[in-house]
Amino acid sequence: MATTESRPATVPAPAAPAAAETVFVDRFCDGIIGPSAEVVGTVREGGHIVASTAPGCWGPMITPAIKGGHEVTLPVNVDGAEVGDGLVLRIRSIDVTSTATASGNDRTIEGRFNGDPYCAKVCAECGAQDEATVVEGIGPDSVRCAACGAPAAPFAFTNGYTMAFDEARRLGLTVAADQAEAYARDAAHAAALPARSIQNPILLFAPADLVGVVARVRAFMGQLGTMPAIDIPDSHNAGDFGAFLVGAPHARAVTAEQLAARTDGHMDIDAVRAGAIVVCPVKVPGGGIYMGDMHAMQGDGEIAGHTADVSGTVTLQASVITGLGNDGPILFPVLEDLPFLARPVTPDERAAAEALAARTGGGPIEHSLPISFVGSGPDLNSAVDNGLRRAAAVLGMEVPEVMNRATISGAIEIGRAPGVIQVTFRAPVEALERCGLAALAREQYGE
């Protein structure tokens, strides 16, 4: 008698969650950003991402359990974004929520890291790596290894300050030691740490070497970008800090070839503020937008190595440019952030130029609009070369033409020493049209 084998009914695979109009983010990666990071949602093209961000530098630097040197948000994909596209991020708002912060120039403490104090922390006493910590009191030794009790922070201040902010977040003021210590005793509240942040707030250290210095608040994002195509410490997702990983003695080392998978999300460029447009490369499907390292203010270069890191809220609007092929970020800064020579030609200037052309037999006056390309490398010269080559590739120009245009109708600006720069200049509208960027330039600067 024949028998039949029973088979389970076919169960359809669950449908992928639909892309959302708005994605809210209040969770953070463990310091490693890349394909292994959890993606918290997908936003539809033209939709918004609203994020609660934690301070980027000093807090994570004194928190060994944060493996990458920063504490950035988990990534959000954009519906339809494919490798080789450009992701357009319109920065709708950036708002500081901290009431105080601390920062300053650093020195490293030998024995508490393996080759890189940002992403390879080690307890000097028990040898634990990426160790859990506890807080005991305030001051430079307040962060201690949870296993053995030894001081754990691999950094200390050479010259540091504690800064209070006014209610409107228009000004910061560096305070004296007694107020710095008061903030230290209520550090998480003064820093307005998001509930899911695990960092030890740097206010615990209560530095007070600068007192009575007034600083204007102009908040921007030190980290804003897309996931690299390899897992990388978040603070090292750029050509300068990333170079420290090449041949490094720890487990997060990469090769020079792998470093090309970076996306330069860690720019520290003060033009990445509300009203600006950032066009990021897509190197993994969906893009994976992440952000963090909000700064209250910074001059060009971040010369102290660090600035006033703060908590805050950010709103972005995301869209896709198909097949743009940009290797690194492209910026359309707000008008007042443009170098003098890169600002759009005014109607009066154009009329004067046309009159000059008529007198001298010059050719037709080109139509041009500003654009800024981010470059990065182990040093500033390498970063400039990288930025020039990226601009030439996107706009279909030779590098010497980009060099000429940046010299007479733009500027090279330093985002961060040792090696993040902007190549900013007025590009011909025809070139912007060919690569699909003209509409963004017109949106930002008009015709």
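The residue count restarts for each chain, going from 1 along the sequence in the order it is written. In view of the model being predicted, local features appear only for residues whose pLDDT reaches at least 70, and side-chain atom pairs are presented and counted only at 80 or more, with totals across whole chains, interfaces and linings using the full set of residues. The basis for every side-chain value is the complete set of heavy atoms in the structure, and neither hydrogens nor water enter the calculation.

**Let's talk about the overall build of the protein**
In plain terms, the rule: Going along the chain from the N terminus, every DSSP run of H or I of four or more residues is numbered as a helix, and every run of E of two or more is numbered as a strand. Both definitions apply: the radius of gyration is a C-alpha atom measure, and the globule rule equals 2.2 Å times residues to the power 0.38. Under the scheme applied here, a residue whose accessible area is under 20% of the maximum for its type counts as buried, over 50% as exposed, and between as partly exposed, the area being computed with a 1.4 Å probe on protein chains only. Computed with the Shrake-Rupley method and a 1.4 Å probe, the accessible areas treat only the protein chains shown as cover for residues. Charge counting treats Lys and Arg as positive and Asp and Glu as negative, with His and both chain ends excluded. Charge placement uses NZ in Lys and CZ in Arg. For Asp and Glu, CG and CD serve respectively.
Scanning the protein from N- to C-terminus turns up nine helices and 20 strands. Taking 447 residues into account, the globule formula puts the C-alpha radius of gyration at 22 Å, and the protein, at 24 Å, falls close to it. Considered along the principal axes of its C-alpha atoms, the protein spans approximately 95 × 80 × 45 Å. The burial tally for the protein puts 57% of its 447 residues in the buried class. With an accessible surface of roughly 18300 Å², the protein has 54% of that area assigned to carbon and sulfur atoms. Side chains of the protein carry 30 positive and 52 negative charges; the gap between the two charge centres is 3 Å.

**Section: the pattern of salt bridges**
Keep this limit in mind: Salt-bridge detection follows one rule: a side-chain nitrogen of Lys or Arg within 4 Å of a carboxyl oxygen of Asp or Glu.
Scanning the model with the defined rule gives 23 salt bridges in all. Put simply, Glu 443 and Arg 90 hold a salt bridge, and the shortest N to O gap is 2.8 Å. Pair noted here: Glu 443 is in helix H9 (residues 438-445) and Arg 90 is in strand S5 (residues 86-96), with a separation of 353 residues, a long-range link. Take Glu 443: its relative accessible area is 41%, and that puts it in the partly exposed class. Where Glu 354 meets Arg 350, a salt bridge forms, and the shortest distance between an N and an O atom there is 3.5 Å. Taken together, the positions of Glu 354 and Arg 350, both in helix H5 (residues 347-360) and four residues apart, correspond to about one turn of that helix.

**Re the confidence of the model for the protein**
Detail in the predicted coordinates should be disregarded across regions flagged by low pLDDT. Convention followed: Per residue, pLDDT measures the predictor's confidence, with a range of 0 to 100. Whether two residues touch is decided by their heavy atoms; if any such pair falls within 4.5 Å, the residues are in contact.
Looking at the protein as a whole, the pLDDT averages 96, with 96% of positions reaching at least 70. Model confidence for the protein, summarised as mean pLDDT per element, is weakest for H5 at 95 and strongest for strand S17 (residues 330-332) at 99. Confidence drops under pLDDT 50 across residues 1-9; counting only partners more than four residues distant or on other chains, this segment forms zero contacts.

**A few points about unusual backbone geometry**
With an omega dihedral of 20°, the bond running from Ala 417 to Pro 418 counts as a cis peptide bond. Along the chain, Pro 418 falls in the loop between strand S19 (410-416) and strand S20 (420-428). Even without glycine at this site, Asp 268 takes up a positive phi of about 55°. If you trace the backbone, Asp 268 turns up in the loop between helix H4 (256-259) and strand S14 (277-281). Residues other than glycine seldom take positive phi values, yet Glu 302 does so here, at roughly 40°. Structurally, Glu 302 is set in the loop between strand S15 (289-295) and strand S16 (312-321).

**A look at the sheet that holds strand S6 (residues 100-108)**
Note the following rule: Following DSSP output, two strands are said to pair if at least two bridges run between them. The convention used is that axes are lines fitted to C-alpha atoms, helices contributing only their stretch in contact, and that angles between N-to-C directions extend from 0 to 180 degrees.
Pairing in this open sheet of four strands is antiparallel, and the strands run S6-S9-S10-S11 from one edge to the other. Whereas interior strands pair on both sides, the edge strands pair on one side only; in this sheet they are S6 and strand S11 (214-216). Across the sheet, the axes of successive neighbouring strands diverge by a mean angle of 30°, strand direction being ignored. Where strand S10 (residues 171-174) lies against S11, three bridges are found, and the strand directions are antiparallel. Bridge pairing links Leu 173 to Val 214 in S11.

**A look at the pairing of S14**
Across the five residues of S14, five count as buried, placing the element largely inside the fold. Both faces of S14 are covered, namely the face carrying Ile 277, Val 279 and Pro 281 and the face carrying Val 278 and Cys 280. Inspection of the sheet shows S5 paired to S14 by five bridges, in the antiparallel sense. Opposite Gly 86, over in S14, you have Pro 281 as the bridge partner.

**Concerning helix H6 (residues 380-395)**
Our working rule: Helices are assigned an expected span. That span is 1.5 Å times one less than the residue count. Contacts described as polar in this section are N or O atom pairs within 3.5 Å, which, within protein, must combine one atom able to donate a hydrogen with one able to accept it, while residues neighboring in sequence count only if both atoms come from side chains.
End to end, H6 covers 22 Å across 16 residues, agreeing with the expected 22 Å (1.5 Å per residue, within 8%). Listed in full, the buried residues belonging to H6 are Ala 383, Asn 386, Gly 387, Leu 388, Arg 390, Ala 391, Ala 392, Val 394 and Leu 395. Tucked inside the fold, the buried residues of H6 contact S17, strand S18 (368-376), helix H7 (399-408), S20 and helix H8 (429-435). You can read the cap of H6 off the contacts: a side-chain oxygen lies 3.1 Å from the backbone nitrogen of Asn 381, and it is on Asp 379. Of the residues trailing H6, Gly 396 is marked for its positive phi of about 70°.

**Thoughts on the environment of Arg 390**
For Arg 390, the location among the structural elements is in helix H6. When its relative accessible area of 6% is taken as the criterion, Arg 390 is described as buried. With 15 residues separating them along the chain, Arg 390 and Gly 375 place their C-alpha atoms 7.4 Å apart. Sequence-distant contacts of Arg 390, that is, excluding residues within four places in its chain, are made with Arg 262, Asp 264, Asp 327, Gly 328, Pro 329, Phe 373, Val 374, Gly 375 and Ser 376.

**Considering the nonpolar core**
Let me state the cut-off plainly: By nonpolar core we mean a set of buried residues, namely Ala, Val, Leu, Ile, Met, Phe, Trp, Tyr and Cys, connected to one another through side-chain atoms within 4.5 Å.
With 44 residues, the main nonpolar core has Leu 224, Val 272, Ile 289 and Met 291 as its most contacted residues. Contributions of two or more residues to this core are made by strand S1 (20-25), strand S3 (42-53), S5, strand S9 (155-165), strand S12 (220-226), S14, S15 and S16. Per element, the largest residue contribution to this core is five residues, and it comes from S5. Among residues more than four places away in sequence, those in contact with Val 272 are Ile 91, Ile 94, Phe 220, Met 221, Leu 224, Met 267, Val 278 and Leu 331. Ranked by size, the runner-up nonpolar core spans 33 residues in total, among them Val 402, Ala 431, Leu 437 and Tyr 445.

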